[in-house]
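Survey of secondary and tertiary structure
As a plain string of letters, each chain reads:
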2 protein chains.
Amino acid sequence: MDRPTEHNEGQTKSKPTDNKISRRDLLRLAGVGGAGLLLGATGVGSLFSGQMRSAAKPASQIPEDKSADIVSFYGKHQAGITTPAQDFIIFAAFDVTAAALGDVRKLFQDWTKAAAAMAKGELLGDSNDNLNLPPSDTGEAEGLSPSRTTITFGVGPSFFDGRYGLAGKRPAPLTDLPAFGGDELREEWSGGDIGVQVNANDMQIAFHALRNLARIARGKAVLRWTQEGFQRTSSSDPSGATPRNLMGFRDGTGNPDVTDEAEMNKVVWASAADGMAWMNGGSYMAVRRIRMRVEVWDRSTLGDQEATFGRHRASGAPLGAVHERDKLDFDQKDEKGKPVIPMNAHVRLAHGDGTVKILRRSYSYSSGIDNKTGQLDAGLLFICYNRDSRKQFIPMQQKLGQSDLLNEYIVHTGSAVFACFPGVSEGGYIGETLF
Amino acid sequence: MDRPTEHNEGQTKSKPTDNKISRRDLLRLAGVGGAGLLLGATGVGSLFSGQMRSAAKPASQIPEDKSADIVSFYGKHQAGITTPAQDFIIFAAFDVTAAALGDVRKLFQDWTKAAAAMAKGELLGDSNDNLNLPPSDTGEAEGLSPSRTTITFGVGPSFFDGRYGLAGKRPAPLTDLPAFGGDELREEWSGGDIGVQVNANDMQIAFHALRNLARIARGKAVLRWTQEGFQRTSSSDPSGATPRNLMGFRDGTGNPDVTDEAEMNKVVWASAADGMAWMNGGSYMAVRRIRMRVEVWDRSTLGDQEATFGRHRASGAPLGAVHERDKLDFDQKDEKGKPVIPMNAHVRLAHGDGTVKILRRSYSYSSGIDNKTGQLDAGLLFICYNRDSRKQFIPMQQKLGQSDLLNEYIVHTGSAVFACFPGVSEGGYIGETLF
C-alpha cells in the first residue's frame, strides 16, 4: 500500500509545513532548554499541554526522526480520519454528565489542549515533579516517541436530546442506525454521547491517551464503553501490503484514495451545503463491533471462504484475477455459466454499482473468550467515515445485512454513530463551531 | 536495558549457531524454491509444520534480517523464559478434555511442530491452497515477519489429579498458591490444566499463534481463560530503557541478569536434584492478573506514589538516588530520621534481604471497562519464573500481600501456576520427559 501523505489538509498552501514541528525546531528547542520553550509554544502554564515528554533527556537522545513520528492535531479536518491507519486503536464512548453547556465546552477545550500535546509526545500539564500534587500526566508514556498518535472526537445522536439546548443543531445525517440483519447488539458496546477514536503505533501510548482523557473528563463525562484493537505491526510487514483481518483476508483494498481531495470531499467530508454549517469539514463515523465466529470459519473450506469474500485469500485478488488491485469483474462466468464472484459475495454487495463509497478504518480485536462457550471473542472493530450515512453506510450495510455470505460467520455485537467535528487551528478547540 | 543474547541455551558449545536459520541459509532456501526445502527441514508432509509463510514471495521480498527476527523454538530450555521480553503477549490456560494420556501426548507433539513452525514465520500445515479443505493455517499472519514469536508450555496442579496416571509425577514445587492478602480471585481468570504463554513483537501474530493452538487442541483441550497484554512498542523507545507499567513506574529494574548462566540456574531453572527428573531444565511459572485501581492511583500525590514504589517516577532511581540502577540503600534516613525508602515500600518488600529472587516477565493489560463501575479494567498481567515457588514467589508474595503500600491501589483478580517443561531438541516434543 502506498503511504499517502501526512495529515496536512489544514496547512495553508503557502506554508506547507506549518503544522509540524520540524526536526530542526526540535533540536533547537532541545538544545536551549527544551521543556520551557516548548511549553511556551503550546501555552505556558495551561493545565493540559505542557512538558515535553522527553524534556529531561539531553538533546542527543531525542530521536532524530521524531517529527516523522508526529501527526499534527491541528488542521482543516481532524486527524485520524484520512490519516494512514496506525497499528493500534482504543475506541471509547463517553456519556456526558455535565450540568451545563459551558462545562461541555470546557471539557472540549481541555481535551483539545491535551490531544494536541499528546500528538507531539509531550507530558500533560506542568505538575509532574511536585511531590504534593497528583502528577498532571499519568506517566506511562514518558520517554516514548509520539508514535503518530491521533485523537478524533465526535458526538452521538443522544448528545442532541435537548439537555444543552442543542436539539435544533442535530444534523440530519446523524441518524440512529436502523436494525440490520445479523444484529445482536449489546448495550455494553453500543451508543454514547461522545465518541473518541485514539490511534497510535504503540498500544501503551494509546492507552495513556484514553486514560488521561477520561481523567480530564472527571465530573463532566464518564466512560460508557471502550474497545481495544490492533493490526499487524507495520514493522513486521516489509511489503507494506494491505493488512489482513482475523479471517485471513486482506481488508481495505477497495478504500477510496485518501490523497484524492476531490474524492474525499465527495465520500468523507461533510459540507455546509449538506445543511449544518457547524459540520463543514467534519465527517460521520459508524462504529460496529463485529464478532467473528472464528471456530466456525476455521472449519469451512478455502473454496467457501474465498466465495464468501469474493477474493483469493493468499493474494487478495478478486476471484478470477491475479493481483490484489486487479479490476473487479462481476460479469465473469465460469465454465458452467455461474458468476465467478458469487452474487452474494461480500465484495460484490459492498461494491454495489461502484457509486457508493465509504472510508473504512477498521481494526482487529481480541478480547479474551466468551465464558459461556469457551470460544474466542475476537473479530473486527469496524469503523467507517462518510459524508452522509443515510446515503452511504446505511444502504450499504442494509444490503450486506440481508444477503452477505459473510453473515454465517459474523455477528454485530456493538454499534454507535458519531458526528465528528471539523478540525481546528491552533488556539481553537474541537467543537467550537457547535458550542 | 541491554539486550541480552538470543535464546541459545540449548546450543552445543561447539556449534553456537545450530538453533538459528542463518540469513545465508534463508536466502539460499528462498533462492532455490523456499517452501519445499524448508518443508524438508522441518518434516515433510507433517500436518503442523509446513509452508514458509513468505514462500509465495520472490526472494528479494524476504526481509534481509529475518533471521534476527526468529527466536528458535528448540533448545535446552523453552524459549520465552529468559528470552528478552517481546512487545506483546497472549496468555492462555486450557483444560484438558482428552480421554487418554496418548491423546495428550499427541496434542503436545502437534503443538511442538506448530510452535516451531510459527517461530520461523511459516504457514502451518500443507493444505493452504486446496479449495476443498479448510486451510491448515488460518492465514492472518501470512506474509508477516516471524516477529520473535515464542510459545512456552506448562502444566498446572490440576493436570496431576490422576486422570492420566500421573499423580505421582506432580513435582512438589508445583503447589497451589495459598490465599494472599489482596486476593479477589475470579474463576474466569484462574487455574488451568495447561498454561501457554505466547509472545511476539506483533499482536496479530500472537493472536494467530494462540488461535491455531486452540484449533489444534480441538477434541483434546478447551480454552479456560486468556489475557492479552502489551508493553510500549520497542520501536517507540529509542533509549531502550526499562518499560513503564500503567502506574507510570519502570517495572523490571531488579530482575536478575538472564545472561548469567549460574544466576539462572539458581533462580530460574529447575534441576533433577530438586526431586522430579522430568522437570530438569524447566521452570515454575506464576501468573497473576493484577487490576490497578487506576482512578484512585491517579488522585494520589507524586510523593505518595514514589513512597509506594520506593522509587522516583521519572528516573526509576531508588528514593534518595539518581540513576535507575543505583544501589538500593535501605538504611538511608531523612533529616527527621525516617527511612528514605519507607518500610512498606514495594521495592523494599520485594527485595527483602536480597537473597530471594524471581525472574519477572510481566505485561500491561487493558480490557475495556468494568461495566458495574465505569472504571478502566487495566493493570498488570504479572508473570514470573522461578526454580521453586515455595522458596521464591510464594514467600515474596506473602510479604507483599501483607504490607505492601501498593495494596491500596491494586487487586489480584486472577491466579494460576504451571510447571513449564524443559526445552527439547528438533525431533523431540514438549513434555516428552513427562509423557
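This is a predicted model, so every value here is computed, not measured. (Residues numbered from 1 in each chain as written. Chains lettered and ligands numbered in written order. Predicted model: local features only at pLDDT ≥ 70, side-chain atom pairs only at ≥ 80, totals over all residues. Heavy atoms only, no water.)

**Observations regarding the relation of the copies chain B and chain A**
Basically, it comes down to this: Alignment of copies: least-squares fit on C-alpha atoms of residues with pLDDT of at least 70 in both copies. Note on contacts: a residue pair qualifies if any of its non-hydrogen atoms lie within 4.5 Å across the two residues.
For the pair chain B and chain A, the relating rotation is 180°, the translation along its axis is 0.0 Å, and the fit reaches an RMSD of 0.0 Å. The transformation just described matches what one would write down for a two-fold rotation axis. Of the C-alpha atoms belonging to chain B, the one lying closest to the rotation axis is found on B:S367, 3.5 Å away. Taken as a fraction of all interface residues of chain B, those also at the interface in chain A reach 100%, which identifies the copy contact as same-surface.

**Overview of the side chain of A:R291**
All names here are of chain A. Note the threshold: Put simply, DSSP marks the helices as runs of H or I at least four residues long and the strands as runs of E at least two long, and each gets a number from the N terminus on. Think of it in three bands: with a 1.4 Å probe and only protein chains considered, a residue is buried below 20% of the maximum accessible area for its type, exposed above 50%, and partly exposed in between. Identification of polar contacts relies on pairs of N or O atoms within 3.5 Å, with a donor-acceptor requirement for protein atoms, meaning one able to donate a hydrogen and the other able to accept it, and with residues adjacent in sequence counted only if both atoms are side-chain atoms.
Of note, R291 is situated in strand β5 (residues 283-292). Using a relative accessible area of 16% as the deciding quantity, one classes R291 as buried. Among the polar contacts made by the side chain of R291, one reaches the side chain of D370 at a distance of 3.0 Å. Looking at R291, its side chain comes within polar contact range of the main-chain oxygen of L376, at 3.4 Å.

**A word on helix α3 (residues 101-119) of chain A**
Applicable threshold: Helices are assigned an expected span. That span is 1.5 Å times one less than the residue count.
Here α3(A) is 19 residues long and its end C-alpha atoms lie 27 Å apart, about the 27 Å a rise of 1.5 Å per residue gives. Of the residues flanking the end of α3(A), it is A:G121, one or two places downstream, whose phi is positive at about 75°.

**Observations concerning unusual backbone geometry**
Unlike most non-glycine residues, A:S147 shows phi in positive territory, near 55°. With respect to the helices and strands, the residue A:S147 is situated in the loop between α3 and β2 (150-155). Given a relative accessible area of 2%, A:S147 falls into the buried group. Positive phi values are uncommon outside glycine, yet B:R148 reaches one of about 55°. Mapped onto the elements of the fold, B:R148 is located in the loop between α3 (101-119) and β2 (150-155).

**Thoughts on the UniProt feature "domain: Dyp-type peroxidase C-terminal" (unreviewed entry) in chain A**
Counted only if it meets this: UniProt positions are given in the numbering used here, feature names are shortened, and annotations may be inferred rather than shown by experiment.
Using the residue numbers shown here, the UniProt feature "domain: Dyp-type peroxidase C-terminal" (unreviewed entry) corresponds to residues 242-424 of chain A. Between the end C-alpha atoms of residues 242-424 of chain A the distance is 31 Å, and the span holds 20% helix and 22% strand.

**Focus on the pattern of salt bridges**
Put simply, the rule is: When a carboxyl oxygen of Asp or Glu lies within 4 Å of a side-chain nitrogen of Lys or Arg, that pair is called a salt bridge.
According to the stated counting rule, one finds 41 salt bridges over all chains in the structure shown. Across the pair A:R387 and A:D274 runs a salt bridge, and its minimum N-O distance is 2.9 Å. Note that A:R387 is positioned in the loop between β8 (376-386) and α9 (393-403) and A:D274 in the loop between α5 (261-267) and β5, a separation of 113 residues in sequence. Using a relative accessible area of 34% as the deciding quantity, one classes A:D274 as partly exposed. Two residues, B:R163 and B:D193, come together in a salt bridge whose shortest N-O distance is 3.0 Å. Remark: B:D193 occurs in the loop between β2 and β3 (194-200) and B:R163 occurs in the loop between β2 and β3; sequence separation between them is 30 residues.

**Remarks on the interface of chain B and chain A**
This is how it is decided: By convention, the term buried area covers the 1.4 Å-probe accessible surface removed from two parts as they join, with the contributions of both added. Each residue gets one of three labels, nonpolar for Ala, Val, Leu, Ile, Met, Phe, Trp, Tyr, Cys and Pro, charged for Asp, Glu, Lys and Arg, and polar for the others, Gly among them.
Counting from both sides, the interface comprises 71 residues of chain B and, opposite them, 71 residues of chain A. Summing both partners gives a buried area of about 5,400 Å² for chain B against chain A, and 55% of it is carried by carbon and sulfur. Inspection of the chain B/chain A interface yields four salt bridges. Taking the shortest distance from any N to any O, the salt bridge between A:D298 and B:R211 comes out at 2.9 Å. At the junction of chain B and chain A, the tally comes to 36 residue pairs in polar contact (both at pLDDT 80 or more). Among the elements of the structure, β1 (88-96), α4 (203-216), β4 (221-230), α6 (294-297), α7 (302-309), β7 (363-369) and β8 (376-386) of chain B are those that each provide at least two residues to the side of chain B that touches chain A. Within the side of chain B that touches chain A, the residues separate by chemical class into 24 nonpolar, 28 polar and 19 charged.

**Quick word on the packing of α3(B) against α4(B)**
All names here are of chain B. Applied cut-off: Angles shown run from 0 to 180 degrees and are taken between the N-to-C directions of axes, each axis being a line fitted to C-alpha atoms and, for helices, limited to the stretch in contact. In this scheme, roughly parallel covers angles under 35 degrees and roughly antiparallel covers those over 145, while 65 to 115 is roughly perpendicular and the rest are oblique. Each crossing gets its handedness from the near helix: less than a right angle anticlockwise from the far helix is left-handed, clockwise is right-handed.
Where α3 meets α4, the closest approach of the two axes is 10 Å, and the angle between their N-to-C directions is 155°. In terms of orientation, α3 and α4 fall into the roughly antiparallel class. The handedness of the crossing between α3 and α4 is right-handed. Contacts between α3 and α4 involve L107, D110, W111, A114 and M118 from the first element and H208, A209, L213 and I216 from the second. Counted by class, the contact of α3 with α4 contains seven nonpolar, one polar and one charged residues.

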